There are 2 protein chains.
Amino acid sequence: MRTHIRRTDPFRWDGVEVAAYQPDGTHFRDVTRQVLFAGDGLDCELRYFEIAPGGWSSLERHEHVHAVMVIRGEGRALVGDRILDLATYDLVRVPPRTWHQFRATGSGPLGFLCLVPCGRDRPERPDAAALAALRADPRIAEFIRA
Amino acid sequence: MRTHIRRTDPFRWDGVEVAAYQPDGTHFRDVTRQVLFAGDGLDCELRYFEIAPGGWSSLERHEHVHAVMVIRGEGRALVGDRILDLATYDLVRVPPRTWHQFRATGSGPLGFLCLVPCGRDRPERPDAAALAALRADPRIAEFIRA
């Protein structure tokens, strides 16, 4: 456990790998993941995600919650049936079993911290029926990328 | 549980109280505390602390760990026997039972996120013997405020 981890480039940290967001890549675009704190006496992980301009995170839901703070740029998010306009430092809570997706809709990257429990369930992605149900709302149909 | 909490002024959030850092005020100076996420399905709390220029947090130790990210300004921290120079976005891990103190040594405030477990022990402050032991190291003697 290192005591001091310096940021190197903006939003990059010494010795912290800039990793693929998820193992397979058809359901998101231009997203990286950096694990900043994992365990070490806390029952949660703090990750930093960055979505390049025009990119989006996976549309998914799961039992565990997300606690999010935007720390770079702006974007939009679907959380349940709400579409949120996000500014730097805004906070977002994603409740259990709630469809969500983040998009970098501005001219720069959208970067956010995301806090999750260490022991968490795997995300579920929408099947055709779930997608159809989401798209029944034209605002959501316009927003989502899947 | 609110889904979207907008930042209002820089480093202030809609409906989030800017509270006193600790109940009594002789062992710190010019520190505020805002609780950003508390529980809500996570076994940890995310708080934002801000130390005005020239101020300092309590010199203390406890069993629980801290996971810290600076998000505003610069400062310095004592963690164990190390004195760290902190830039914006640097990460700090405070291990169990480790004396620590943060100071805003720059021209602006030092603001940082601090992640802790929900169930945590009370901080211990140094008694005269512990202070003397800390001050045996001249770098630490020069740094600490107590």
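Residues numbered from 1 in each chain as written. Chains lettered and ligands numbered in written order. Predicted model: local features only at pLDDT ≥ 70, side-chain atom pairs only at ≥ 80, totals over all residues. Heavy atoms only, no water.

1. Section: empty space enclosed by the protein
To find the voids left in a structure, one rolls a probe of water-molecule size over its atoms.
Here comes step 1: Counting across every chain of the model gives two cavities of 30 Å³ or more.
Here comes step 2: Of the voids in this model, the largest cavity is the one considered here, and its volume is about 50 Å³.
Here comes step 3: Along its surface, the largest cavity is lined by Val65, His66, Ala67 and Arg93 of chain A together with Met1, Phe37, Ala38, Gly39, Asp40 and Leu42 of chain B.
Here comes step 4: Classifying every residue of the lining of the largest cavity by side-chain character gives six nonpolar, two polar and two charged.
Here comes step 5: Volume-wise, the second largest cavity comes out at about 40 Å³.
Here comes step 6: Every residue along the wall of the second largest cavity is listed here: Met1, Phe37, Gly39, Asp40 and Leu42 of chain A together with Val65, His66, Ala67 and Arg93 of chain B.
Here comes step 7: Its residues placed into classes, the lining of the second largest cavity shows five nonpolar, two polar and two charged. (1 Å grid on protein atoms, 1.4 Å probe; cavity = no way out; pocket = protein on both sides within 12 Å on 5 of 7 lines; lining within 4 Å. Points joined across faces, edges and corners; volume = space filled by probe spheres on them. Nonpolar A, V, L, I, M, F, W, Y, C, P; charged D, E, K, R; others polar.)

2. Let's talk about the state of the cysteines
Here comes step 1: Applying the stated criterion to the full structure yields one disulfide over all chains.
Here comes step 2: Across a sulfur-sulfur distance of 2.5 Å, Cys44 of chain A and Cys44 of chain B are joined as a disulfide pair. Between Cys44 of chain A and Cys44 of chain B, the disulfide has an S-S torsion of 140° and is therefore right-handed. Note that Cys44 of chain A is positioned in strand β4 (residues 44-56) and Cys44 of chain B in strand β4 (residues 44-56), a pairing that runs across two chains. Take Cys44 of chain A and Cys44 of chain B: they sit in the same class, and that class is buried.
Here comes step 3: Free cysteine Cys114 of chain B: the closest other cysteine sulfur is in Cys44 of chain B, separated by 11 Å. (Disulfide = S-S within 2.5 Å. Helix = DSSP H or I, 4+ residues; strand = E, 2+ residues; numbered from the N terminus. Buried < 20%, exposed > 50% of the residue type's maximum accessible area, 1.4 Å probe, protein only.)

3. Digging into helix α1 (residues 128-135) of chain A
Residue and element names in this part refer to chain A.
Here comes step 1: Every buried residue of α1 is listed here: Ala130, Leu131 and Leu134. Relative to the axis of α1, the buried residues are bounded by an arc of 100° and lie together on one face. Among the exposed residues of α1, those oriented more than 90 degrees off its buried face are Ala128, Ala129 and Ala133.
Here comes step 2: Contact partners of the buried residues in α1: α2 (138-143). (Arc of directions from axis to C-beta. Contact = heavy atoms within 4.5 Å.)

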